[in-house]
Amino acid sequence: MARPGEELPSHASPMISPLPRSAAPYLSNWSDLNDESPSTPGLPNNLISPAFTPPATPGAATPSRHLNAEPKSIPVDTSLDDPATKQPHLLEKLPHVECVVRARIPTTSGAEMFLHLYQNDSDNKEHLAIVFGNSIRSRSLDAERPGETEMDRMIRGAYIGRLRPGRMSSRFDPDQNKRPLSRRARSGSALKNVTTVSEEEAVVDGTTVTASPVQSPATTQDEQTSEQPQDNGAGLETLPEEMQSDSNGKPPLVRIHSECYTGETAWSARCDCGEQLDEAARLMSLPDSAGGVIVYLRQEGRGIGLASKLKAYNLQDLGNDTVEANLLLRHPADARTYGLATAILQDLGLGTDSDENKPEAERGIRLLTNNPDKVRAVEGPNKEVRVRERVPMIPLAWRTGGAKGVRGAEIEKYLETKIGRMGHMIRDD
Ligand SMILES: Nc1nc2c(ncn2[C@@H]2O[C@H](COP(=O)(O)OP(=O)(O)OP(=O)(O)O)[C@@H](O)[C@H]2O)c(=O)[nH]1
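Conventions used here
- Residues numbered from 1 in each chain as written.
- Predicted model: local features only at pLDDT ≥ 70, side-chain atom pairs only at ≥ 80, totals over all residues.
- Heavy atoms only, no water.
- Near = heavy atom within 4 Å.
- Polar contact = N/O pair within 3.5 Å; in protein donor to acceptor, adjacent residues only side chain to side chain.
- Areas by Shrake-Rupley, 256 points an atom, 1.4 Å probe, with all protein chains shown as cover.
- Helix = DSSP H or I, 4+ residues; strand = E, 2+ residues; numbered from the N terminus.
- Pairing = 2+ DSSP bridges.
- Contact = heavy atoms within 4.5 Å.
- Axes fitted to C-alpha atoms, helices over the stretch in contact; angles between N-to-C directions.
- Phe/Tyr/Trp six-rings, centres within 6.5 Å; stacked < 30°, edge-to-face > 60°.
- Lys NZ or Arg CZ within 6 Å of the ring centre and 35° of its normal.
- Core = buried A, V, L, I, M, F, W, Y, C linked by side-chain atoms within 4.5 Å.
- Buried < 20%, exposed > 50% of the residue type's maximum accessible area, 1.4 Å probe, protein only.
- Domains from an automatic or database assignment.
- Patch = residues over 30% accessible without salt bridge, like charges linked within 9 Å, V, L, I, M, F, W, Y side chains within 5 Å.
- Salt bridge = Lys/Arg side-chain N within 4 Å of Asp/Glu carboxyl O.

**Q** Could you give an account of the site of the ligand, naming the residues involved and the relevant values?
**A** Neighbouring the ligand are 25 residues, the closest being Arg255, Glu259, Thr369, Asn370 and Lys374. In this structure, an oxygen atom belonging to the ligand sits 3.2 Å away from a main-chain N or O atom of Gln299. A distance of 2.8 Å separates an oxygen atom of the ligand from a polar atom in the backbone of Asn370. Coverage of the ligand by the protein amounts to 100% of the 650 Å² it exposes when considered alone. For the shell around the ligand, the secondary structure elements donating two or more residues are strand 11 (253–258), helix 5 (273–285), helix 6 (306–317), helix 7 (322–328) and helix 12 (409–422).

Right, dumping it as structure tokens:
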């Protein structure tokens, strides 16, 4: 493992020795960041990523227009890993997860996402999946629950299309917006296994409603094919949005995010967690994005909890780095596990068990991370998820020559320790 200073080129960090942006190879994809975008009044610049400054209306002129490309991704094939390399600790079996509720969240950036709340059988925390796009669906949420009414399904978020006052059926959206057929229906959609239930079978709160057709789980390929809509000649079709593909021909983007109260809520410049959360959401909301998922795991402080993390901060102010501080507190340098993330991705149809329904180019996931352990760990004990590509997360301050992003001595030390002691690959090379 490289030592600090060896791995990090002197020009890489604006705090070490800033060079003009054009000199840094990893900046080639970010030439648009020269723009001096206006900031939201009253908020310090270093807390805000460009796409969220100011709150944007989709399609309107906002700073995001200058950030319309994803960072270059790097192909991954963990089956080629040298078995002698350090492997992350994996649970033998994945935990069981169930999405108990989902809701649409319009965000301050203008993008919309669906927040999924999960329960599981390995801890009593509520882990989350933030889903961008329409075609990623939770199997456990969509599954029928005994005795539930249509209203129950709508209240827990197991509905197709959009809710509106007066809607009666979770399965059929009578006012489904027609939209131009711009992309083919995706064979791997989570709604592939749906069928049409006749209108007599749709029951809302015990009452039969006259809405048709009604979507329900479990069908045959023939039935599904017969439901494919016809172009009406005006380039419009009535396929529910979930059945229209968000695909851009690539595997979906995934970010596994660990809770960080200080970085996300308390404006801490000791880490770049808040910035990374914003950036992942921004990339998944770009106009040509296929959407994606941020799995938000409740493992604060790399799994040691907030109280211990705050003690670690005091030890850091006393001269220790982030790894030493954890060890002095008798915690591992990183106490996290990723089995819950793997199980949640599988539930969202992003596991290898769903891949056979998809075109080859869309199989697997593209994982936003610099952390090599995360890549291996998220794949799970039996490769339940396949990481096809790693998309690096380069700190905003590096990409902008220090003009934006989290800055300061603490974040520099934090990143240096990640690279030098934890093997993070924070270079686009
Ligand atoms: N113990 C400890 N945890 C920290 C510190 N700074 C941030 N964290 C925690 O680190 C976690 C965030 O790490 P991530 O952003 O997921 O970073 P990573 O997995 O190491 O790597 P990336 O995926 O490349 O970002 C959160 O749980 C934070 O609360 C620190 O100084 N000490």
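**Q** Any details on the sheet that holds strand 1 (residues 74–75)? Residues and values, ideally.
**A** In space, the eight strands of this open sheet follow the order 1-14-13-11-12-4-3-2, with mixed pairing throughout. In this open sheet, the two strands that pair with only one neighbour each are strand 1 and strand 2 (97–106). Bridge count for strand 11 against strand 12 (residues 292–297) is six bridges, and the pairing is parallel. Across the sheet, Val254 pairs through a bridge with Val293, a residue of strand 12. Sheet contacts for helix 5: strand 4 (127–132), strand 11, strand 12 and strand 13 (365–368); angle to strand 11, the most-contacted strand, approximately 160 degrees.

**Q** Could you give me a rundown of the packing of aromatic side chains, with the residues and numbers involved?
**A** The way to describe two aromatic rings as a pair is by their centre distance and the angle between their planes. Summed over all chains, the structure comprises zero aromatic pairs. Geometry around Phe114 places Arg102 over its ring, the cationic atom sitting 4.2 Å from the centre. Sitting over the ring of Tyr313, Arg270 keeps its end group 4.4 Å from the ring centre.

**Q** Tell me about the nonpolar core, residues and numbers included.
**A** In a soluble, globular protein the nonpolar side chains are often hidden away together inside. With 33 residues, the main nonpolar core has Ile256, Val293, Val295, Leu345, Leu348, Ile365 and Leu367 as its most contacted residues. Elements with a contribution of two residues or more to this core: strand 2, strand 3 (112–120), strand 4, strand 11, strand 12, helix 8 (339–347), strand 13 and helix 10 (372–378). Counting residues per element, this core draws most heavily on helix 8, which supplies five residues. Mapped onto the domain boundaries, this core takes at least three residues apiece from domain 1 (21–94 + 247–299 + 336–422) and domain 2 (148–243). In this view, Leu348 contacts His116, Tyr118, Ala129, Val131, Ile136, Arg137, Ser138 and Val293; residues no more than four positions away in its chain are not counted. With 14 residues, the next largest nonpolar core counts Phe132, Ala281, Leu368 and Val391 among its residues.

**Q** So what's going on with a nonpolar patch on the surface? Which residues, and what values?
**A** Nonpolar side chains collect at one region of the surface, where Tyr261, Leu306 and Leu310 lie side by side and expose about 260 Å² of accessible area between them. With respect to the helices and strands, Leu306 occurs in helix 6.

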